[in-house]
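Single-letter residue listing:
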Amino acid sequence: MSSNKAKGYILAAVSSATYGMNPLFSLPLYADGMSVDSVLFFRYLFAVPIVAFMLKRGGRNFSVKKREILPLLMVGVFFVLSSITLFRSYHYMDSGIASTILFVYPVMVALIMSIFFKERISLFIWGCIAMAMSGVGLLYKAPGGTTLSLTGVLFVLGSALAYTLYIITINKTVLKEVPSTKVTFYVILLGFFIFMALVFFGDGLQTPSKWYLWLDLLAFALFPTVISMLCATKAIVYIGSTATAILGALEPLTAVFFGITVFGEALGARDVLGLVLIIVSVTFVVAGG
């Protein structure tokens, strides 16, 4: 394995593991009474100067070529949509379940790459896709036996699709040649302006009531935002969009781990089986590839 490929797999693993920390930092803020838009506003507000500092420290400038503007706007919108829908889903289901259902996005990546970019999908891969969908079906029952909210499931699937488009756009446009720090900066900057507008025209800005929740917001901006996005963008350059998506297996595992250990969420045998089916299916995808 080349050194770049090894770096790509490591970066993809770090990206997925840190992205799986979303519930760890967001749920305490929701419990404090903050709205989704306010939480995400502060997430992007704190992330912008962090990435700007990293960009300048790395000797990069903020200039953007004309051919880079549209792809940057596209990935910015896709990432914001993925954030909005995922965090709204937490109001309808346990974070571990939501993050596990989100893991269908590698399957979406494979399908879109096949349909629009003519990548061949074998019968073996179709079998893996069926296995993943079966896993999602098993997760459609909550631990108590009640059916999960259809609204919540649709939010998660919408988040998965938006994140899929985010990954593919980086891989299949000129952004693949743009420094990952610069791509991340403009994606986060666009997200900040979008959530500033949503807060202004919505219910107004809500702030944490406890001092330590400000530290929570800072960690929220750093780990599942800045670090995750930087690592994902670089991993896509090294190993491509499909392999990067497959390494997303650590996302639901991380989210489930924190959901159980920190928030006391319960997983039944049915949920565990669904989780295993999804992770095994996408592992087979990369092994078969």
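Residues numbered from 1 in each chain as written. Predicted model: local features only at pLDDT ≥ 70, side-chain atom pairs only at ≥ 80, totals over all residues. Heavy atoms only, no water.

(A) A look at the environment of Ile-278. Turning to its location among the elements, Ile-278 is positioned in helix α12 (residues 269-288). Residue classification places Ile-278 among the buried residues on the basis of a relative accessible area of 1%. The spacing of Ile-278 and Lys-118 is 160 residues in sequence and 24 Å in space, taken between C-alpha atoms. (Helix = DSSP H or I, 4+ residues; strand = E, 2+ residues; numbered from the N terminus. Buried < 20%, exposed > 50% of the residue type's maximum accessible area, 1.4 Å probe, protein only.)

(B) Representation of the environment of Leu-29. Topologically, Leu-29 is positioned in helix α2 (residues 22-31). Linking Leu-29 and Thr-169, residues 140 residues apart in sequence, is a C-alpha distance of 31 Å. In contact with Leu-29, other than residues within four places in its own chain, are Met-34, Val-39, Leu-213, Asp-216, Leu-217 and Phe-220. (Contact = heavy atoms within 4.5 Å.)

(C) Fine view of empty space enclosed by the protein. According to the stated counting rule, one finds five cavities of 30 Å³ or more in the structure shown. Of the pockets and cavities examined, the largest cavity occupies roughly 40 Å³. Taken together, Ala-12, Ser-15, Ser-16, Tyr-105, Tyr-163, Ile-167, Ala-232, Thr-244 and Glu-251 form the lining of the largest cavity. Ranked by residue count, the leading element in the lining of the largest cavity is helix α1 (residues 3-19), at three residues. In terms of residue class, the lining of the largest cavity is made up of five nonpolar, three polar and one charged. (1 Å grid on protein atoms, 1.4 Å probe; cavity = no way out; pocket = protein on both sides within 12 Å on 5 of 7 lines; lining within 4 Å. Points joined across faces, edges and corners; volume = space filled by probe spheres on them. Nonpolar A, V, L, I, M, F, W, Y, C, P; charged D, E, K, R; others polar.)

(D) Quick peek at the nonpolar core. In this structure, Leu-40, Tyr-44, Phe-79, Met-93, Tyr-105, Tyr-166 and Ile-188 are the most contacted members of the largest nonpolar core, which totals 74 residues. Not counting chain neighbours up to four residues away, the residues in contact with Ile-188 comprise Tyr-44, Ala-47, Val-48, Val-51, Thr-225, Val-226 and Met-229. (Core = buried A, V, L, I, M, F, W, Y, C linked by side-chain atoms within 4.5 Å.)

(E) Fine view of the packing of aromatic side chains. Under the criterion given, the structure shown has 19 aromatic pairs. On the numbers, 5.3 Å between centres and 85 degrees between planes, the contact of Phe-42 with Trp-214 is edge-to-face. With a gap of 172 residues between them, Phe-42 in helix α3 (residues 36-57) and Trp-214 in helix α10 (residues 212-246) connect regions that are remote in the sequence. Overall, the relative accessible area of 5% leaves Phe-42 in the buried class. (Phe/Tyr/Trp six-rings, centres within 6.5 Å; stacked < 30°, edge-to-face > 60°.)

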